[in-house]
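Below are the chains, spelled out letter by letter.
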Amino acid sequence: MDSPPVGEPMLEHVDGDLLPIGQFARLSRLSVKQLRHYDELGLLAPAYVDADSGYRYYRRSQARQALSIGLLRSLDVPLPVVAEVLSGTADALDGVREALEAELARRRRTLATLERVIADGLPALPIKVVTEPSRPVVMVREHAAGPADVSRATSAAIARLLQISPLTGPPQLIGLFPVELNDAFEVRAALVVDDPAGLRDVEVLPGGSFACATHVGPYDQIPLTTHAVLAWCAERGHPLRGPIREVYVSDPATTEPDRLVTHLMIPLEERA
């Protein structure tokens, strides 16, 4: 119950070094609810539990461990990792550091995009209508957990695609994305194959008319070009249908991010 009758009195037969849970909570800057939860998870067990009342008691020496848990949680360290840290697991925080570094890098890319908008305004790029033929492709699909996960999902799909498909020249890679990016969606990566004979699971990427703009710059800023093409379609009454295509012209392994060339293409329908 963790609720002694009056003012959390110490039971007479309890070691004098023990503190009632309420006092220990204040000492360790945690709530009673948090202490109960950490006990359930095996992170911080009380030193003594009264058999009759179920009331928990903690030693003062446990305060350092309790404070350590609170510090780690304030740094957004997940509870399973907190358990590893407390158990002395080597490199337990490496994964957390990598996740924070990845988030920091994403925030920096977002800032760079914002600075471009501030400097140049909302994009109004030249848009042209192009006709594309149908192409045989090998396709890989990857689940994205949301818009912030698009970059990871696209990179993962392309990496898998290049592993399973033999190359006879520079790869012709195309990313395929839904028009509406919900909480979860599918990202596809397609590799154009000039000679599909002998290859398994070859699909046909449909051709047709597309509104097309050329993006020059980092992949993270492609949404600026997407915005321009979507606005162009809306202004001319073209109903949107997906998928939106990103045709990767440059090799990112040998091209500076600011010089990467990507064709952004949106399929067109006849006006309603």
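Residues numbered from 1 in each chain as written. Predicted model: local features only at pLDDT ≥ 70, side-chain atom pairs only at ≥ 80, totals over all residues. Heavy atoms only, no water.

Engineer: I keep staring at the overall build of the protein and nothing clicks. Help me out?
Structural biologist: Looking only at helices and strands, the protein has seven helices and eleven strands in total. For the protein, the C-alpha radius of gyration of 29 Å lies well beyond 19 Å, the compact-globule estimate for 272 residues. C-alpha extents for the protein along the principal axes are approximately 90 × 45 × 35 Å. Within the protein, the proportion of its 272 residues that are buried is 35%. For the protein, the share of sequence-separated contacts (at least 6 apart) that also reach a separation of at least 24 residues comes to 66%. Accessible surface for the protein amounts to roughly 16,200 Å². Of this, 54% is attributable to carbon and sulfur atoms. In the protein, which carries 27 positive and 36 negative side-chain charges, the distance between the mean positions of the two groups comes to 3 Å. (Helix = DSSP H or I, 4+ residues; strand = E, 2+ residues; numbered from the N terminus. Rg over C-alpha atoms; globule rule 2.2 N^0.38 Å. Buried < 20%, exposed > 50% of the residue type's maximum accessible area, 1.4 Å probe, protein only. Contact = heavy atoms within 4.5 Å. Areas by Shrake-Rupley, 256 points an atom, 1.4 Å probe, with all protein chains shown as cover. Lys, Arg positive; Asp, Glu negative; His and termini not counted. Charge placed at Lys NZ, Arg CZ, Asp CG, Glu CD.)

Engineer: In this structure, what is going on with the side chain of Asp-50? I would like to understand it.
Structural biologist: With respect to the secondary-structure elements, Asp-50 resides in the loop between strand 2 (48–49) and strand 3 (56–59). Although buried, Asp-50 forms no salt bridge, and the nearest oppositely charged side chain, Arg-56, lies 11 Å from it. Of the polar contacts made by the side chain of Asp-50, one reaches the backbone nitrogen of Asp-52; its length is 3.0 Å. (Salt bridge = Lys/Arg side-chain N within 4 Å of Asp/Glu carboxyl O. Polar contact = N/O pair within 3.5 Å; in protein donor to acceptor, adjacent residues only side chain to side chain.)

Engineer: Any chance you could explain the packing of aromatic side chains here in plain terms?
Structural biologist: Geometrically, a pair of aromatic rings is defined through the distance of the ring centres and the angle of the planes. Applying the stated criterion across every chain yields a total of four aromatic pairs. Between Phe-24 and Tyr-58, the aromatic rings sit 4.5 Å apart at their centres with planes inclined by 5°, giving stacked as the arrangement. One end of the pair, Phe-24, is in helix 1 (residues 21–28); the other, Tyr-58, is in strand 3, and 34 residues separate them in sequence. The exposure class of Phe-24 is buried, given its relative accessible area of 0%. Relative to Tyr-248, the ring of Tyr-219 has its centre 5.5 Å away and its plane inclined at 75°; by these criteria the two rings are edge-to-face. Taken together, the residues Tyr-219 in the loop between strand 9 (208–216) and helix 7 (222–235) and Tyr-248 in strand 10 (residues 244–248) connect sequence positions 29 residues apart. Judged by relative accessible area, which is 29%, Tyr-219 ranks as partly exposed. For Tyr-248, a relative accessible area of 10% puts it in the buried group. Ring pairs connect the aromatic residues Tyr-48, Tyr-55 and Tyr-57, which therefore count as one cluster. (Phe/Tyr/Trp six-rings, centres within 6.5 Å; stacked < 30°, edge-to-face > 60°.)

Engineer: Help me understand the packing of helix 3 (residues 63–74) against helix 4 (residues 79–86) in this model?
Structural biologist: Orientation of helix 3 relative to helix 4, taken along the N-to-C sense of each, is 140°, at an axis distance of 10 Å. With respect to each other, helix 3 and helix 4 are oriented oblique. Judged by the sense of rotation from one axis to the other, the crossing of helix 3 with helix 4 is right-handed. Contacts between helix 3 and helix 4 involve Gln-65, Ile-69, Leu-72 and Arg-73 on the former and, on the latter, Leu-79, Val-82, Val-85 and Leu-86. Residue composition of the contact of helix 3 with helix 4, grouped by class: six nonpolar, one polar and one charged. (Axes fitted to C-alpha atoms, helices over the stretch in contact; angles between N-to-C directions. Parallel < 35°, antiparallel > 145°, perpendicular 65-115°, else oblique. Left-handed = near helix turned anticlockwise from the far one by under 90°. Nonpolar A, V, L, I, M, F, W, Y, C, P; charged D, E, K, R; others polar.)

Engineer: Explain the sheet that holds strand 2 here, please?
Structural biologist: Two pairing modes exist for strands in a sheet, parallel and antiparallel, and in both the strands are linked by backbone hydrogen bonds. Ordered in space as 1-3-2, the three strands form an open sheet in which the pairing is antiparallel. Lying at the two open borders of the sheet, with one neighbouring strand each, are strand 1 (18–20) and strand 2. (Pairing = 2+ DSSP bridges.)

Engineer: I'm lost on unusual backbone geometry in this one. Help?
Structural biologist: Leaving glycine aside, a negative phi is the common case for residues, and trans is the common case for peptide bonds. Of the consecutive residues Gly-242 and Pro-243, the connecting peptide bond is found in the cis state with omega at -5°. Within the secondary structure, Pro-243 is located in the loop between helix 7 and strand 10. One non-glycine residue with positive phi stands out, namely Asp-76, at about 65°. Checked against the element boundaries, Asp-76 lands in the loop between helix 3 and helix 4. Judged by relative accessible area, Asp-76 falls into the exposed class, the value being 59%.

Engineer: Even after reading the chapter, I still don't get the pattern of salt bridges, so can you show me in this structure?
Structural biologist: Any two side chains of opposite charge can pair, given that their charged atoms come close. Counted according to the given criterion, the structure contains twelve salt bridges. Of the charged contacts, one joins Arg-56 and Asp-39 as a salt bridge, the two residues approaching to 3.0 Å between their closest N and O atoms. In this pair, Arg-56 sits in strand 3 while Asp-39 sits in helix 2 (residues 32–41), placing the two residues 17 residues apart along the sequence. Residue class for Arg-56 comes out buried when judged on its relative accessible area of 16%. Here the residues in one salt-bridge network are Glu-142, Asp-149, Arg-152 and Arg-160, joined through shared partners.

Engineer: So what exactly am I meant to see when it comes to the sheet that holds strand 10 here?
Structural biologist: Spatially, 4-9-11-10-6-7-5-8 is the arrangement adopted by the eight strands of the open sheet, whose pairing is antiparallel. For this open sheet the edge positions go to strand 4 (128–132) and strand 8 (202–205), each flanked by a neighbour on one side alone. Averaged over all adjacent pairs, the angle separating strand axes in this sheet is 40°, with direction ignored. Across seven bridges, the pairing between strand 9 and strand 11 (residues 261–267) is antiparallel. Bridge assignment links Ala-211 to a residue of strand 11, and that residue is Ile-266. This element, helix 7, spans strand 4, strand 9, strand 10 and strand 11 of the sheet and lies at about 30° to strand 11.

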